[in-house]
Amino acid sequence: MAAYVNRTISMMAGDGPHITMNNGTHRVNMSNVDSPLQIFVRAKKKINDIFIEIDDYVKDAVTFMHAVAGDSSIASAQDLTNVEAYVSKVQAIREVLKRDHMKVAFFGRTSNGKSTVINAMLHDKILPSGIGHTTNCFLQVEGSDTNESFMRTEGSEEKLSVQSVSQLGHALCATRLQECSLVHVYWPRELCALLRDDVVLVDSPGVDVTPNLDEWIDKYCLDADVFVLVANAESTLMIAEKNFFHKVSTKISQPNIFILNNRWDASASEPEYMDQVRSQHANRCVDFLSRELRVCTPKEAEERIFFISAKEALLTRMREREKPVSSPILADGHQIRYFEFVDFERKFEECISQSAVRTKFAQHSRRGKNIAAEVMSALEQMKASKVEKQRILQEQLTAIEEQLTSITRQMKEKIGKMVSLTLSQEIRRLSALVDEYDTPFRTERSALEQYKRALHRHVESGLGSRLKKRLPHVHHLAGPQARGSRQCDNAPPAALRGAVPAQLRQPVRRLPRRPHLQILLRDHGAHTEIPAVMGPPAATTDVVRLSNGGAAGAGAMGPLSAEEWGMVSRFALSALTSQGTMGGLLLSGLLLKTVGWRVVVVTGAVYGALYAYERLTWTAKAQERVFKRQYGAVNDVRPAVPPDRRGHHRNGL
Ligand SMILES: Nc1nc2c(ncn2[C@@H]2O[C@H](COP(=O)(O)OP(=O)(O)OP(=O)(O)O)[C@@H](O)[C@H]2O)c(=O)[nH]1
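Reading the values: the criteria
Residues numbered from 1 in each chain as written. Predicted model: local features only at pLDDT ≥ 70, side-chain atom pairs only at ≥ 80, totals over all residues. Near = placed C-beta within 6 Å. Helix = DSSP H or I, 4+ residues; strand = E, 2+ residues; numbered from the N terminus. Nonpolar A, V, L, I, M, F, W, Y, C, P; charged D, E, K, R; others polar. Buried ≥ 20, exposed ≤ 12 C-beta atoms within 10 Å, placed from the backbone. Core = buried A, V, L, I, M, F, W, Y, C linked by C-beta atoms within 7 Å. Domains from an automatic or database assignment. Contact = placed C-beta atoms within 7 Å. Pairing = 2+ DSSP bridges. Axes fitted to C-alpha atoms, helices over the stretch in contact; angles between N-to-C directions.

**Q** Sorry, what's going on with the site of the ligand here?
**A** In the neighbourhood of the ligand, 22 residues make up the surrounding shell, with G113, S115, S129, T135 and K311 lying closest. Going through the elements one at a time, α4 (114-122) and α11 (310-320) are the ones with two or more residues in the shell around the ligand. For the shell around the ligand, the element with the highest residue contribution is α4, accounting for three residues. Here the residues of the shell around the ligand are counted per class, giving three nonpolar, 15 polar and four charged.

Given below as structure tokens:
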């Protein structure tokens, strides 16, 4: 009783739903922002948003796997199938989530007032109620998405009109439904806060009129968040009621059970026993919940037992809505009973909201977490295999690069040798190229300049075309730009320049240098150019060494020794080859001092004869021959030939 009084005071202090007095009636504020049901509403929205993200994530994963499907080393067909299966799983969860609601089921004996309690909670007379066995089947009241009221029988899509409770009752009778069948009653959400917040209320036939309790439980109780046992306060808990909840507690772990001792308005007629009766009922109910069913502690059970008058609560709310009521007279203490009814609603809302979030959404969140983790794991595996593949590719790439570098180096060396050999061979036959040039030769200065330039062009073009022919690939490598570019006198062909290794390019550029040629021709083979014309420096070295040897034997007159004759012959030959008579004379003077007069006389005679011969044979043809030989010698591109081939080249010439 003390708890009852405290609860009532608390309600009146405003801890419960907002209630306002209006001309002696109560008005329930329909704004349910502070309702405990909002815990479920907000949680549902949040988890729905999370599943939208999971859905996007899984779909992205599928799209990605389709993109890499061609590469079986990254994702196999089985991987793809596995991840695709998650799309339908997520879709299924979202569908269930959409239908997820808080479900409360009302049970009790016939005529205890189950339908009246539901109507009072819905603030309207929706379900049929009356004396005797009224409810013939299970009736599930839920919010209508279209804001229209209608009903549907089980397995049918046909919308049956429900304009009033009498019509509904009449319709139910007409259809002759089985007690175990279900009728859905859709009622506009905006007319009821409970329906708006996704609460579904299930009415049932009396537990005392059926032997099919197990079937009931299996069909309608397993997903219920809260059970309400509507008992009759005028009697005590019956075995049929207890039996039913014993069955429920064997099938459902820790069911949330509220006990409403209805028809408490009857106590108003016997106020002297009211407290005793209340206490007796309360104790039995606490004992039933905590000791028999073991679904809660005695203290928790006290918070689950209420003494109400559903009929008065419904009347009050019908008046509030200015709906016609048949029995406007309310018994004494109706306000206190009404407050207790409201208190029940508050406790019920808290319980059903928390229970539904825990049982329904916890399960969803577990499944969502698993799906996300499994998809992520599949992607991680793909990532790992892709990284591994990338690493292998990188290694292969590095190996190929090294191979290419090696091949390129070898090819460069081969090309370098080939170019070097070809150049060497072509330079060796340069004199033949010079000889091929047969334009008339004239010794006038201007004609000589012209002849020289033309001969140079002839040599260049001949050499160029032969190199192109023999080194087509090298020529090709030089590119069309280089091939089309104008070649200047002092530069080698562009193609050659591009292909020839760098160390060979510099000497080739020096190819046309011929500074001594003009002096030589002007002086008609005079002394100044002897060393250059004479060829290899070795010859000069020999002369010097001979001179030194001569100094050692100075004053030794008489017939020429074999060695002296040899020397004279070589000297004469040199002179003949060089055409340098003045140089010979100078050398003669030098020899006079070193080898004696006989050698000098003989040498002088030889040179005299040679001079005469030279004078006589110094025709234009001879001059042309000499010119060409000098041209060839001066343009000897020994520097262009690699050092290792110079000896060979010299010998070849
Ligand atoms: N005095 C009084 N009468 C009530 C109360 N609640 C319900 N009744 C009446 O009891 C009768 C049966 O009420 P119902 O709501 O139909 O009871 P029920 O448990 O749904 O009955 P079934 O549907 O047949 O199982 C009706 O005539 C109601 O008006 C109450 O708190 N006080």
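There is more to say, and it comes next.
**Q** Where do I start with unusual backbone geometry in this structure?
**A** Peptide bonds are trans in most cases, and residues, glycine excluded, mostly fall at negative phi. Phi is positive for S111, which is not a glycine, with a value near 65 degrees. Assignment of secondary structure puts S111 in the loop between β3 (102-107) and α4. On the basis of neighbour count, S111 is assigned to the buried category, with 20 C-beta atoms found within 10 Å.

**Q** Explanation requested: the nonpolar core in the structure shown.
**A** If you look at soluble globular proteins, the nonpolar side chains tend to sit buried side by side. Counting 92 residues, the largest nonpolar core has V141 and L260 as its most contacted members. Here this core gets 13 residues from one element, more than from any other, and that element is helix α12 (residues 334-428). Residues lining this core come from more than one domain, with at least three contributed by each of domain 1 (1-100 + 333-420) and domain 2 (103-272 + 305-329). Not counting residues up to four positions away in its chain, the partners in contact with V141 are I118, L122, I126, L127, V185, W187, V200 and L201. By size, the runner-up hydrophobic cluster in this structure holds 12 residues, among which are L430, V434, L471 and Y631.

**Q** So what exactly am I meant to see when it comes to the sheet that holds strand β11 (residues 305-307) here?
**A** Whenever strands of a sheet pair, they do so through backbone hydrogen bonds, lying parallel or antiparallel. Taking strand neighbours across the sheet as the criterion, the nine strands line up as β6-β5-β7-β4-β8-β3-β9-β10-β11 in an open arrangement whose pairing is mixed. Here the strands that pair on one side only, and so sit at the sheet edges, are β6 (160-161) and β11. On the sheet, helix α8 (residues 239-251) packs against β3, β9 (226-232) and β10 (257-262) and is oriented at approximately 170 degrees with respect to β9. Docked against the sheet, helix α9 (residues 271-292) engages β10 and β11, running at close to 155 degrees with respect to β11.

**Q** Could you clarify how one ought to interpret the pairing of strand β8 (residues 199-203) in this entry?
**A** A regular strand places its side chains on the two faces of the sheet in alternate fashion. Here β8 lies mainly inside the structure; five of its five residues are buried. Burial of the side chains of β8 extends over both faces: V199, L201 and D203 are buried on one face and V200 and V202 on the other. Sheet topology places β3 next to β8; four bridges connect them, and they run parallel. Within the sheet, the bridge partner assigned to K103 lies in β8 and is V200. The pairing of strand β4 (residues 138-144) with β8 spans three bridges and is classified as antiparallel. Across the sheet, the residue bridging to L139 is D203, located in β8.

**Q** In this structure, what is going on with the environment of T146? I would like to understand it.
**A** Note that T146 resides in the loop between β4 and β5 (150-153). Owing to 10 C-beta atoms within 10 Å, T146 belongs among the exposed residues under this scheme. Spatially, the C-alpha atom of T146 lies 9.2 Å from that of W187, the residues being 41 residues apart in sequence.

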